[in-house]
Amino acid sequence: MPTIEVIAAALFALALIHTFSTKFFEQLAHDHPRHAGLFHLLGEVEVVFGFWAVVLVSVMAFVVGGEQAIQYAETRQYTEPLFVFVIMVVAASRPVVVVIQALVDVAARLAPVRKVVAQVWLCLALVPLIGSLITEPAAMTLAALMLSPLLFRPALPEWLKYGALGVLFVNISIGGTLTSFAAPPVLMVASTWQWSSAFMASQFGWKAVIAVLINATALTYLVRQHLSDAAAPTTDTPAVRVPRLVSAIHLAFLAAVVVFAHHPVIFLGLFLLFMGFAQAYARYQTPLILKEALLVGFFLAGLVLLGGMQQWWLQPIVSSLAPTALFFGALGLTAITDNAALTYLGSLIEGISDPAKYMLVAGAVAGGGLTVIANAPNPAGVALLRQGFHDESIGAGGLLLGAALPTLVAAVMFLL
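Nothing here was measured: the structure is a model prediction, and the numbers come from that model.

*Asks:* Looking at this structure, how should I read the overall build of the protein chain?
*Replies:* Of regular secondary structure, the protein chain possesses 21 helices and zero strands. Expected size for 416 residues packed as a compact globule is a radius of gyration near 22 Å; at 21 Å, the protein chain falls within 12% of this value. A principal-axis box enclosing the C-alpha atoms of the protein chain has dimensions of 65 × 55 × 45 Å. Expressed as a percentage of the 416 residues in the protein chain, the buried residues total 55%. Taking as baseline every contact in the protein chain between residues at least 6 positions apart, the subset at least 24 positions apart corresponds to 81%. For the protein chain, the exposed area adds up to about 17200 Å²; of that, 69% sits on carbon and sulfur atoms. Taken as two groups, the 17 positive and 19 negative side-chain charges of the protein chain have centres that lie 13 Å from each other.

Following this line, the structure appears as structure tokens:
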């Protein structure tokens, strides 16, 4: 076993420990104001894997040489981090949010409950399921932006915020399984295993819908007494009303980015055109979330670099498990690895059985809400919602506990 692979595994373990220790760095920032900026930086969840990826490449340069280290970094596939960055910015643009919020408002007014209660339920149920069409990162961005003023505010108890975050992350992870292109862990195997959207809807989709509805309903019931009608977001006013044509063009950009999600040259070109259009009609915009999206892209790129050298120990585990054991193994491993990376390793196994394929993907998507790194859209949710938590920091332990019951519901449905 090459020394660098052992070093990479050790750095990956340190990155995981760092992920669970971000609140510790925030406390250090309070205790040592002279170095508060550095500790705040290390306390940013989105910085963790990018930071340790830089350490990995630096160590590789000393161990195997600078040329090999650069070659390794340049041969990684960064399409997913780039796509998540672009889709976050486009989906969070005001004209897109206005349209989705209007649809949610119309549906909420038809519900036989208070409007704000219906809005929370729709953001936790309907929006994650729409992720099967607009991709999970886009659904996460939209749901987080709409839920932020409703749930993630000081008046709500901290444990309920973590419960809401857990439900959102789990529902996003499983809500994208109605098609073969929206969920990263499904996308990694769909072409290799010839899984069509019809197959996904029949084998995964209906189970995911039931689990999403159960999770959203249970959480909404728990938080109903803490919801204030005054907190309901207002996305448009007559003074700055977004013209329908502007909204339609933004939605067209969103659709085009989704269609060309596997072609970074195309969707980055579209993104530059989008930036120009947004600047031309700045009066209809709110500030684009470039900083948040860049941090999420940095996080995912770091995960690509660190995760690329974990195959030597992950793939033997995946290939050695029977189907049922593989489901629980995938569910657990997803918490410490990206679920897309896990299913990709499964797609490399020769002669893997159909039941094993199903169990691998089912476990990977069911466990996609347990940690920040479990599913690619999760860092986006953290970036957009962390200000609603104490110290503006989301604890890994709190997220794990908040996602435990929704994960159990998803697991039971997929095991049916």
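*Asks:* Is there a simple way to think about helix H18 (residues 339-347) in this case?
*Replies:* In an α-helix, one turn spans 3.6 residues, which is why side chains three or four residues apart end up on the same side. H18 sits mainly inside the fold: seven of its nine residues count as buried. Taken as a whole, H18 has its buried residues at Asn339, Ala340, Leu342, Thr343, Leu345, Gly346 and Ser347. Contacts made by the buried residues of H18 are with helix H6 (79-91), helix H10 (158-175), helix H11 (184-193), helix H16 (311-320), helix H17 (323-334) and helix H19 (354-366).

*Asks:* Can you walk me through the environment of Ala13 in this structure?
*Replies:* With respect to the helices and strands, Ala13 occurs in helix H1 (residues 3-19). Each C-alpha atom of the pair Ala13 and Lys207 lies 34 Å from the other, and the pair is 194 residues apart in sequence.

*Asks:* What is the right way to look at the environment of Leu165 in this model?
*Replies:* Secondary-structure assignment places Leu165 in helix H10. Residue class for Leu165 comes out buried when judged on its relative accessible area of 0%. Through-space distance from the C-alpha of Leu165 to that of Phe20 is 16 Å; in sequence the pair is 145 residues apart. Setting aside its immediate chain neighbours within four residues, Leu165 contacts Phe152, Leu385, Phe389, Ile394 and Leu399.

*Asks:* I would appreciate a short explanation of the packing of helix H4 (residues 45-63) against helix H15 (residues 290-307) in the present structure.
*Replies:* Two quantities define a packed helix pair, namely the angle between the helix axes and the distance between the axes. Where H4 contacts H15, the axes come no closer than 7 Å and their chain directions differ by 40°. Of the possible angle classes, the one that applies to H4 and H15 is oblique. Considering only the axes of H4 and H15, their crossing is left-handed. Residues Val45, Glu46, Val47, Phe49, Gly50, Phe51, Trp52, Ala53, Leu56 and Val57 of H4 touch H15, and the partners they reach there are Leu295, Val296, Phe298, Phe299, Gly302, Leu303, Leu305 and Leu306.

*Asks:* Before we go on, may I ask you to explain helix H14 (residues 264-280) in this structure?
*Replies:* Between its terminal C-alpha atoms H14 stretches 24 Å, which fits the 24 Å expected from 17 residues at 1.5 Å a residue. Listing the buried residues of H14 in full gives Phe267, Leu270, Phe271, Phe274, Phe277 and Ala278. All buried residues of H14 project into a common sector of 125° when viewed along the axis, lining one side. For H14, the exposed residues set more than 90 degrees away from the buried face come down to Val265, Leu272, Leu273 and Gln279. On the buried face of H14, the contacting elements are H6, helix H13 (244-259) and H15.

*Asks:* Would you take a moment to explain the pattern of salt bridges for this structure?
*Replies:* Working definition: two side chains of opposite charge can pair if their charged atoms are close together. In the structure shown here, the tally under the stated rule is two salt bridges. Across the pair Glu158 and Lys161 runs a salt bridge whose closest N-O atoms are separated by 3.5 Å. Separated by three residues within a single helix, Glu158 and Lys161 lie in helix H10, roughly one turn from each other. With relative accessibility at 27%, the residue Glu158 sits in the partly exposed group. A salt bridge links Lys357 to Asp354; its shortest N-O distance comes to 3.5 Å. In this pair, Lys357 and Asp354 are both assigned in helix H19, three residues apart and thus about one turn of the helix distant. Judged by relative accessible area, Lys357 falls into the buried class, the value being 14%. Residue classification places Asp354 among the exposed residues on the basis of a relative accessible area of 57%.

Analysis parameters
- Counting of residues starts from 1 at the beginning of each chain's written sequence and follows it residue by residue.
- Owing to the predicted nature of the model, reporting of local features is limited to residues with pLDDT of at least 70; listing and counting of side-chain atom pairs is limited to 80 or more, with chain, interface and lining totals taken over all residues.
- Only heavy atoms go into the side-chain values, all of them from the structure, while hydrogens and water stay out.
- Secondary structure elements follow DSSP: runs of H or I no shorter than four residues count as helices, runs of E no shorter than two count as strands, and numbering proceeds from the N terminus.
- As a reference, a globule follows 2.2 Å times the number of residues to the power 0.38, and the radius of gyration itself is taken over C-alpha atoms.
- Each residue gets one of three labels from its accessible area relative to the maximum for its type: buried under 20%, exposed over 50%, partly exposed in between, using a 1.4 Å probe on protein chains only.
- Contact between two residues is taken to exist if any of their heavy atoms lie within 4.5 Å; hydrogens are not considered.
- The protein chains shown are the only cover counted for residues, whose accessible areas, like all others here, come from Shrake-Rupley with a 1.4 Å probe.
- In this tally, Lys and Arg are treated as positive and Asp and Glu as negative; His is ignored, and so are the chain termini.
- Here the site of a charge means atom NZ of a Lys, CZ of an Arg, CG of an Asp or CD of a Glu.
- Axis definition: a line fitted to C-alpha atoms, limited for helices to the stretch in contact. Angles are taken between N-to-C directions and run from 0 to 180 degrees.
- Here is the rule for angles: anything less than 35 degrees is roughly parallel, anything more than 145 is roughly antiparallel, 65 through 115 is roughly perpendicular, and the remaining ranges are oblique.
- Two helices that cross are described as forming a left-handed crossing if the nearer one is turned anticlockwise from the farther one by less than a right angle, and a right-handed crossing if clockwise.
- For a helix, the expected span equals 1.5 Å multiplied by the residue count minus one.
- As used here, the arc belongs to the directions running from the helix axis to the C-beta atoms.
- Every case where a carboxyl oxygen of Asp or Glu lies within 4 Å of a side-chain nitrogen of Lys or Arg is listed as a salt bridge.

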